[in-house]
Structures are given as C-alpha cells and as structure tokens.
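Read off the chains here:
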Amino acid sequence: ELILSDVSKALRGIFFNMTENKKNPYLTTPKEIKRLGILGAGFMGAGITEISINNNVDVILKDLDEKTISNAKASIWKTLNKKIKRKQIQAVDGKKIIQKAIGQTSFSGFNKLEMVIEAVVENMDVKKKVIKELEENCNENFIFASNTSSLPLSEMAKAARHPENVVGMHYFSPVPKMPLLEIIKTNETSELTLATCYELGVKQGKTCIVVNDSPGFYVNRILAPYLNEVLLMLEEGASISAIDKSIKKLGMPVGPIALMDEVGIDIGAHVMAGEMSQLVAQREGVKISKALPKMFEAGYLGKKNKKGFYKYDNKKGKKSGENKNAYSFFGSPKKINFSNEQINERTILLLLNEAVMCLEEGIIDTAKDGDIGGVFGIGFLPWSGGPFSYMNQFGIENIVSRMNTQMNSYGPKFKPRPLLLKMKEQSSQFNV
C-alpha cells in the first residue's frame with residue numbers, strides 16, 4: 001500500500017519532468033518555423049492545424065478534396081467561436097487566427113516552407129509517394145515529419161533524398177486536447193531536424209518526448225499488451241463493464257475498452273494486424289486476440305459510428321450501456337466474475353514489463369521520458385507519476401513478486417524483464 005507522501009512525491013516528479021521537457025534539449029539552433037505545411041485535412045490534420053494557428057504558426061493546409069478542407073476549417077472555427085462566446089478571446093482575434101490557415105489543393109507556396117507534416121492515410125506506399133511529391137515542390141532541405149502512429153520511419157526514410165530530414169511527429173487524438181507529442185528519430189535523423197521538431201512541439205503547447213524508431217514507438221508499444229490482455233479476458237468470460245470499472249477505480253481516466261471505442265476499432269484492428277502485433281506475438285506464451293479485426297470487418301468502428309463495445313445514444317452520442325452483440329466476436333463465452341485484483345494485475349503488470357523492455361532496448365532514453373509518455377500519452381495512473389515511478393513506489397522486489405505470481409497462473413508472458421531482476425538484486429530504483 002502507498003502512503004500519501006509517496007503519491008505527493010510522484011505528482012511533484014511528473015510536474016517537474018513536464019516543466020523540464022519544455023526546454024529544448026538540443027544544442028543545435030533550430031530552424032524557425034513561421035509557416036508550416038500540413039498534408040491531409042482530416043481529423044488529425046485539422047487538429048495539428050488548430051494547435052499551430054492558435055500558437056502563431058501560419059499553416060498551408062493541403063488536401064485533394066476542397067470539401068475536406070472546408071470541413072476542417074469549419075471545425076476549427078467552431079472551437080474558436082466557443083472561445084469567443086465564453087469571452088476567452090475577442091471576435092476580431094478569432095478571425096485573425098482562422099485566417100492563419102490557408103486551405104488549398106495545390107502545392108503552391110510549398111517551395112518556401114522549411115517543414116511539412118503529413119497526416120494522410122496510414123499506408124507506407126502512400127507515405128513514400130508523398131515524400132517524392134514534396135521533394136519536387138519544396139526546397140532541398142525541408143523537414144518531412146510524418147504523423148504516423150505505427151509505420152516504421154526507417155523504412156519511410158528510404159524514399160527520401162535526405163533521410164536526415166525525415167522524422168516522426170506522433171500527435172495523439174484528439175490533437176487539441178492530448179498533451180503529448182512523441183518525436184520519433186531514426187539512426188539517420190539529424191540533430192537540426194530533432195531540435196526544430198522539438199521547438200515546434202513546445203510552441204504548439206505539447207509536452208515532447210523523443211524516442212527511437214520501433215514498432216509502436218513507445219506509447220502504443222506499452223499500450224498493446226495491456227489492451228491485448230483485456231481482449232483475452234473477454235474471451236475467457238469477463239464482462240466489458242467490469243473491466244472498465246476496475247481499471248477506472250484504480251485511477252485510469254478511461255477504461256481500456258471505452259478507450260478502444262473512443263480511438264476507433266478500425267485503428268485498433270490496424271495495429272493488431274501490423275508490425276506491433278507481430279512483434280508481441282513472437283514473445284513466449286503470448287496469444288494475440290483476433291477479435292478487433294473481426295469487429296472491424298463487421299462494420300464496428302466504435303464511437304465514431306455508434307457501433308462498438310458500448311451502445312451510444314443516437315442524438316448526443318453518449319454511452320448507454322454494453323453492446324451485448326460485441327461478445328459474439330469473443331466466442332460468446334460463459335460469464336465469469338473476475339476480481340478487481342485479477343483484472344488490474346494482468347493488465348498493468350504487462351504494461352510495466354513492456355515499458356521496462358523499451359528502456360532496455362533504448363526505445364526511450366530515460367525512465368523520466370517513459371513516465372511522461374505513460375501519463376500524457378495514455379493517462380497511466382496520474383497519481384503514480386508514470387510507469388517507472390509506480391514501480392519505484394511499490395518497490396521493484398514487490399513488482400517482480402507480483403509478476404511471478406501471474407506467471408505461475410498465466411504463463412511466461414509475465415516473466416519479469418532482466419533489468420527488473422538485476423534491480424531487485426541490487427535493491428535499486430529507476431532514476432525518475
């Protein structure tokens with residue numbers, strides 16, 4: 001059990017880490033980005049545009065479809081209008097802000113841009129084609145930043161004349177509300193590119209972490225085994241609402257199943273079918289649930305089409321109880337009452353073990369970055385200060401013991417990582 005001083009210390013730690021991360025860690029002077037190119041005016045592109053123009057960065061928003069551009073600008077104006085009505089900004093200022101975004105279907109003006117962020121469809125061939133198109137329309141040394149959430153940047157960079165200018169800028173959905181920006185570097189990404197992206201992220205109001213290229217990067221990587229275990233428990237007979245209630249009671253801002261509905265079952269299915277899933281599937285004792293791809297094929301997208309794990313009120317789109325039909329994708333198992341302890345231990349411990357593996361493999365440079373990514377990327381138990389602070393608070397020896405208990409019941413996927421075993425022997429803690 002934790003005492004209040006532990007929680008207070010953890011909260012102070014995440015605050016100081018967040019404040020520290022507002023300072024650009026790179027010594028190279030970044031490029032000054034006064035005008036930014038954004039490709040793709042869909043949900044993510046519109047969000048990145050919004051946080052840019054709200055922070056005095058002009059945007060050229062390009063899409064193939066005029067209507068998509070109009071919808072994006074209408075969405076941004078709707079938010080600005082709310083601020084005007086609440087008297088948070090003046091009407092004249094709102095109009096000035098929206099005018100900072102120029103929507104167009106051509107590459108006009110791209111030759112003067114220092115940086116372009118793409119937020120187009122998640123397809124490697126399309127991304128590579130976009131790089132080639134931009135190289136024909138931008139200056140020689142422009143920075144190409146991809147908002148991909150799962151595709152390998154190292155592979156993407158192979159299509160570029162200047163791979164040192166290729167980087168990932170993984171914003172989280174919805175962009176204006178989610179505080180984290182995950183900047184992904186390859187072995188070739190230059191310090192100038194990283195310094196520029198970091199500076200822009202801070203200007204956009206984001207807390208930034210820099211991670212190495214890997215399937216799922218850091219945030220989605222630690223999320224994958226956590227969500228997969230939830231799906232496996234549904235196959236065993238756990239109830240949708242019991243899992244979400246248990247995890248929320250522990251302190252997560254949203255339950256894992258509600259999260260899948262919010263983010264989109266289509267996105268989850270894409271991740272489960274991609275490199276992230278293949279990576280996790282190679283682990284000893286790991287079984288990957290096939291339910292999400294099946295749900296997606298049957299037209300389940302989650303909250304966005306009011307067809308997911310939960311039912312949604314057609315007028316307001318509010319959650320209104322479990323969608324009992326969802327259980328059919330899990331084999332309609334006989335219901336079993338899982339205790340809160342069972343649910344919490346199986347999900348959280350796998351997430352913690354994955355976070356440690358990311359530190360071992362150098363996906364993240366420090367445990368501090370791991371804490372920031374955990375709290376601001378997925379809302380990991382904010383009271384704890386993050387995955388690594390959580391392990392420090394409960395004691396590495398205790399974490400290892402809890403993992404061994406689950407390993408005895410559910411197999412080698414719960415085997416504690418070598419770094420944890422070494423730290424247990426040395427009675428050491430993570431540097432957070």
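This structure is a prediction, so every number in the text was calculated from the model and none was measured.

Participant: Mind laying out the packing of helix α8 (residues 219–236) against helix α9 (residues 240–250), listing which residues take part and the relevant values?
Facilitator: Viewed as axis vectors pointing N to C, α8 and α9 meet at an angle of 140 degrees, and their least axial separation amounts to 10 Å. Regarding the angle of α8 to α9, the classification is oblique. Handedness of the α8/α9 crossing: right-handed. Facing α8, whose interface residues are Tyr 226, Val 230, Met 233 and Leu 234, α9 presents Ile 240, Ile 243 and Ile 247. Class assignment for the residues of the contact of α8 with α9 results in seven nonpolar, no polar and no charged.

Participant: Give me the packing of helix α16 (residues 387–394) against helix α17 (residues 396–410): which residues, what numbers.
Facilitator: Packing of α16 against α17 leaves a shortest axis separation of 5 Å and a crossing angle of 100 degrees. One finds that α16 runs roughly perpendicular with respect to α17. Here α16 contributes Tyr 390, Met 391, Asn 392 and Phe 394 to the contact with α17, which in turn contributes Ile 396, Asn 398, Ile 399 and Arg 402. Residue composition of the contact of α16 with α17, grouped by class: five nonpolar, two polar and one charged.

Participant: Talk me through helix α2 (residues 43–53); I want residue IDs and the actual numbers.
Facilitator: The buried fraction of α2 amounts to 10 of the 11 residues, a majority that puts the element mostly inside the structure. Residues of α2 that are buried: Met 44, Gly 45, Ala 46, Gly 47, Ile 48, Thr 49, Glu 50, Ile 51, Ser 52 and Ile 53.

Participant: Could you give an account of empty space enclosed by the protein, naming the residues involved and the relevant values?
Facilitator: Following the criterion strictly, the structure yields three cavities of 30 Å³ or more and no others. Together, Ile 131, Glu 135, Glu 140, Phe 142, Phe 144, Ala 160, His 162, Asn 165 and Val 166 line the largest cavity.

Participant: Describe a positive patch on the surface, listing the residues and the values that go with them.
Facilitator: Together, Lys 78, Lys 82, Arg 86 and Lys 177 make up a region of like positive charge exposed at the surface. Secondary-structure assignment places Lys 177 in the loop between β6 (166–171) and β7 (180–185). Taking relative accessible area as the criterion, Lys 177 reaches 70% and is therefore assigned exposed.

Participant: Which residues make up the packing of aromatic side chains, and what values go with them?
Facilitator: Throughout the structure, instances matching the rule amount to nine aromatic pairs. Relative to Phe 110, the ring of Phe 107 lies with its centre 5.3 Å away and its plane at 85 degrees, an arrangement referred to as edge-to-face. On the basis of relative accessibility, which here comes to 0%, the residue Phe 110 falls in the buried class. Sitting over the ring of Tyr 327, Lys 335 keeps its end group 3.6 Å from the ring centre.

Participant: Give a detailed account of the environment of Leu 259, specifying residues and quantitative values.
Facilitator: Among the structural elements, Leu 259 can be located in helix α10 (residues 256–263). Expressed as a C-alpha distance, the spacing of Leu 259 and Gln 90, which sit 169 residues apart in the sequence, is 35 Å.

Participant: An account of the side chain of Asp 371 is needed here, citing residue identities and associated values.
Facilitator: With respect to the element layout, Asp 371 can be found in helix α15 (residues 367–378). No salt bridge is formed by the buried Asp 371, whose closest oppositely charged neighbour, Lys 368, lies at an N-O distance of 9.3 Å. A distance of 2.6 Å separates a polar atom in the side chain of Asp 371 from a polar atom in the side chain of Ser 389.

Participant: Summarise the pattern of salt bridges; cite the residues concerned and give the values.
Facilitator: Tallied over the full model, the rule gives 22 salt bridges. With a shortest N-O distance of 2.9 Å, Glu 235 and Lys 287 are connected by a salt bridge. With Glu 235 in helix α8 and Lys 287 in the loop between α12 (275–281) and α13 (291–297), this residue pair connects regions lying 52 residues apart in the sequence. The exposure class assigned to Glu 235 is partly exposed, which follows from its relative accessible area of 23%. Salt-bridge contacts for Arg 346 lead to Glu 236; the nearest nitrogen and oxygen are separated by 2.8 Å. Of this pair, Arg 346 sits in helix α14 (residues 340–360) while Glu 236 sits in helix α8, and the two are 110 residues apart along the sequence. The class of Glu 236 is partly exposed, set by a relative accessible area of 33%. The network of salt bridges with common partners includes Glu 135, Glu 136, Glu 140 and Arg 161.

Participant: Go over the sheet that holds strand β1 (residues 35–39) with me, naming the residues and quoting the values.
Facilitator: Read from one edge of the open sheet, eight strands run β3-β2-β1-β4-β5-β6-β7-β8, paired in mixed fashion. Of all the strands in the sheet, the pair left with one neighbour each is β3 (101–104) and β8 (207–212). Recorded for the sheet is a direction-independent mean angle of 25 degrees between the axes of neighbouring strands. Pairing geometry for β1 and strand β2 (residues 58–62), over five bridges, is parallel. Residue pairing for β2: Leu 39 is matched across the bridge by Lys 62. Strand contacts of α15: β7 and β8, with the helix running at about 120 degrees to β8, the strand carrying the most contacts.

What counts as what
Residues numbered from 1 in each chain as written. Predicted model: local features only at pLDDT ≥ 70, side-chain atom pairs only at ≥ 80, totals over all residues. Heavy atoms only, no water. Axes fitted to C-alpha atoms, helices over the stretch in contact; angles between N-to-C directions. Helix = DSSP H or I, 4+ residues; strand = E, 2+ residues; numbered from the N terminus. Parallel < 35°, antiparallel > 145°, perpendicular 65-115°, else oblique. Left-handed = near helix turned anticlockwise from the far one by under 90°. Contact = heavy atoms within 4.5 Å. Nonpolar A, V, L, I, M, F, W, Y, C, P; charged D, E, K, R; others polar. Buried < 20%, exposed > 50% of the residue type's maximum accessible area, 1.4 Å probe, protein only. 1 Å grid on protein atoms, 1.4 Å probe; cavity = no way out; pocket = protein on both sides within 12 Å on 5 of 7 lines; lining within 4 Å. Points joined across faces, edges and corners; volume = space filled by probe spheres on them. Patch = residues over 30% accessible without salt bridge, like charges linked within 9 Å, V, L, I, M, F, W, Y side chains within 5 Å. Areas by Shrake-Rupley, 256 points an atom, 1.4 Å probe, with all protein chains shown as cover. Salt bridge = Lys/Arg side-chain N within 4 Å of Asp/Glu carboxyl O. Lys, Arg positive; Asp, Glu negative; His and termini not counted. Charge placed at Lys NZ, Arg CZ, Asp CG, Glu CD. Phe/Tyr/Trp six-rings, centres within 6.5 Å; stacked < 30°, edge-to-face > 60°. Lys NZ or Arg CZ within 6 Å of the ring centre and 35° of its normal. Polar contact = N/O pair within 3.5 Å; in protein donor to acceptor, adjacent residues only side chain to side chain. Pairing = 2+ DSSP bridges.

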